[in-house]
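The lines below spell out each chain.
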Amino acid sequence: NPDLVGYYHCGGGVGGALRAAEEKGMGQRLVIACHSLTPSSRAGLMEGGIDMVISAPTGQIARQTVMAMAAAIQAGGGADRQIQVPFEIYTSENI
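Since this is a predicted model, take the numbers as computed values, not measurements.

**Quick notes on the nonpolar core**
By size, the foremost hydrophobic cluster in this structure holds 11 residues: V14, L18, A21, M26, L30, I32, C34, L45, I50, V53 and Y90. Listed by contribution, the elements that provide at least two residues to this core are α1 (14-23) and β2 (31-35). When near neighbours in sequence (up to four residues on either side) are disregarded, V14 contacts H9, C34, S40, S41 and I50.

**Side note on the confidence of the model for the chain**
In this model, the chain carries a mean pLDDT of 86, and residues with pLDDT of at least 70 account for 98%. Averaged over each element, pLDDT in the chain is lowest for α1 (84) and highest for strand β4 (residues 88-90) (95).

**Observations regarding the sheet that holds β2**
Here we have 4 strands laid out as an open sheet, ordered β1-β2-β3-β4, and mixed in their pairing. Whereas interior strands pair on both sides, the edge strands pair on one side only; in this sheet they are β1 (6-9) and β4. Looking at each pair of strands side by side, their axes are set apart by 15° on average, direction ignored. Direction of pairing for β1 relative to β2: parallel, over a ladder of 4 bridges. Note that in β2 the partner of Y7 across the bridge is I32.

**Focus on unusual backbone geometry**
Despite not being glycine, S36 has its phi angle at roughly 75°, a positive value. Relative to the elements of secondary structure, S36 occurs in the loop between β2 and α2 (39-47).

Rules behind the numbers
- Residues numbered from 1 in each chain as written.
- Predicted model: local features only at pLDDT ≥ 70, side-chain atom pairs only at ≥ 80, totals over all residues.
- Heavy atoms only, no water.
- Core = buried A, V, L, I, M, F, W, Y, C linked by side-chain atoms within 4.5 Å.
- Buried < 20%, exposed > 50% of the residue type's maximum accessible area, 1.4 Å probe, protein only.
- Helix = DSSP H or I, 4+ residues; strand = E, 2+ residues; numbered from the N terminus.
- Contact = heavy atoms within 4.5 Å.
- pLDDT = per-residue confidence, 0-100.
- Pairing = 2+ DSSP bridges.
- Axes fitted to C-alpha atoms, helices over the stretch in contact; angles between N-to-C directions.

Next up, the structure:
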């Protein structure tokens, strides 16, 4: 789509998405954000293909989720609990 100005890549394989943008001649004009700082997303940040990476600690999310599930079971299934975890935003300037 020639009107596309940016997108959030939420799945794996950001390298393929970057190659597709380059092949269509849209690589440097698109604002691209993705999640999880991986070798591919780090390289994309350094090379300018990715503008921002949102990274959350998946291990901490998993631990807190299991703890919340255990608490709900112990409370008879009616416990409401909100889980908050920190996240980091990476750009080419702070990696």
